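Survey of secondary and tertiary structure
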Amino acid sequence: MTPVQNDRQQFASDNLAGICPEALQSLLDANASGHQPAYGDDVWTQKSTDMIRELFQTDCDVYYVFNGTAANSLALASMCQSYHSVICSPVAHIETDECGGPEFFSNGSKLLVGEDESPAARLGKLTPDAVEHLVTKRRDIHYPKPKVVSITQATELGTVYTVEEVRAIAAIAKRRHLKVHMDGARFANAVAALDVHPSEVTWRAGVDVLCFGGTKNGLPMGEAVVFFDRELSADFAWRVKQAGQLASKMRFISAPWVGMLDGDTWLRNARHANAMAQRLHQAIHALPGVRVLHPPQANSVFVQLPAAAIARLHAAGWLFYEFIAGGGCRLMCAWDTQPETVDAFAADLAGVCAQAA
Ligand SMILES: *Cc1c(COP(=O)(O)O)cnc(C)c1O
């Protein structure tokens, strides 16, 4: 059994990993760039914003906030009045893991959870049918008026919407006069998995606002809120400031994005994390007692394990969550997960499964 080390790599979350070298170098370069204007008027913020526009091949508006909860909450608030509602999946981070942030920052816009029994829904995806159902079942003034559809790419279950699936949801949204929000905390992993141009699965598919995550992919902190529909960002700067999300030393949030986007580091990091999830899946899917809950597409593997095996792995010092989203054990790989870590975990799992069997 692997000895417990408190600094060893883990599978609990991709936010346990540190800063990738490219982002760190930019952070150091930004620190060496003397005095710079505050609140985003610096050269680094200009540069990273231009790079995001180039990346998406469109003239989008870009804002930086400290974390994903703020990005989602403020983006949704910018699209909603308090009497509006946001349609999302029952496992959406905005529904289950943001402590009511989206409702709070929108002054009460309600989240409407789209439930159905379709195969796509079991993979953590919102479906066009679920959206249509929620929009059409009530239209009276006693029901919070649907205004936004929010999808998570990659999903909370480590699956990925195809371009066609995003288009189909956006098509229903447009027909029903809803805006489309994408929670892209793991957008990089989704793009790496799909192997498409990032524009194809966002604005070209009908996405109005993307919360582009970087933290889980190797940034120190900070997510970019990307408005493809620029009308929606009219007062966003004030919203960010009021929410306490405007960094005065903005360059230290934006500069790491420069290192991340330069030379497609963001995609390389995500491809690596995805490949480690595939390696893990390969190593453990056939072990006795292991049931893979759905095929991994991004950087996580969800498995059902015998209770005794879970206890022994935890006792051996392995950290992972057991109750995220659809349940089961979530094994999450990061940009820096080493193949040796995957192999060591798989060997320990094989050991405890043999014991449990
Ligand atoms: C991690 C995550 C976020 C952002 O979480 P913060 O802890 O607020 O940065 C948002 N959405 C999803 C799907 C996530 O996994």
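The name recorded for the protein in an unreviewed UniProt entry is L-threonine aldolase, from Thiomonas delicata.

Section: the sheet that holds strand 7 (residues 223-227)
Pairing in this open sheet of seven strands is mixed, and the strands run 1-7-6-5-4-2-3 from one edge to the other. Two strands in the sheet have a free side with no partner beyond their single neighbour: strand 1 (61-65) and strand 3 (110-113). Pairs of neighbouring strands in the sheet enclose a mean axial angle of 25 degrees, with direction left out of account. Pairing geometry for strand 4 (residues 145-152) and strand 5 (residues 179-184), over five bridges, is parallel. Among the inter-strand pairings, Thr152 is bridged to a residue of strand 5, identified as Asp183.

Some points on the side chain of Thr159
Mapped onto the fold, Thr159 is located in the loop between strand 4 and helix 8 (163-175). Since its relative accessible area comes to 1%, Thr159 is described here as buried. Among the polar contacts listed, one links the side chain of Thr159 to the side chain of Thr155, at a separation of 2.6 Å. If we ignore the near neighbours within four places in the chain, the residues touching Thr159 are Leu123, Lys125, Ala154, His294 and Gln297.

Here we look at the site of the ligand
Inspection of the region around the ligand gives Asn67, Gly68, Thr69, Asn72, His93, Glu98, Thr152, Glu156, Asp183, Ala185, Arg186 and Lys216 as its neighbouring residues. Within the side chain of Thr69, a nitrogen or oxygen atom sits 2.5 Å from an oxygen atom of the ligand. Arg186 places a polar side-chain atom, nitrogen or oxygen, 3.1 Å from an oxygen atom of the ligand. No other element matches the three residues that helix 3 (residues 68-79) contributes to the shell around the ligand. Per-class residue counts for the shell around the ligand are one nonpolar, six polar and five charged.

Reading the values: rules and limits
Residues numbered from 1 in each chain as written. Predicted model: local features only at pLDDT ≥ 70, side-chain atom pairs only at ≥ 80, totals over all residues. Heavy atoms only, no water. Pairing = 2+ DSSP bridges. Helix = DSSP H or I, 4+ residues; strand = E, 2+ residues; numbered from the N terminus. Axes fitted to C-alpha atoms, helices over the stretch in contact; angles between N-to-C directions. Buried < 20%, exposed > 50% of the residue type's maximum accessible area, 1.4 Å probe, protein only. Polar contact = N/O pair within 3.5 Å; in protein donor to acceptor, adjacent residues only side chain to side chain. Contact = heavy atoms within 4.5 Å. Near = heavy atom within 4 Å. Nonpolar A, V, L, I, M, F, W, Y, C, P; charged D, E, K, R; others polar.

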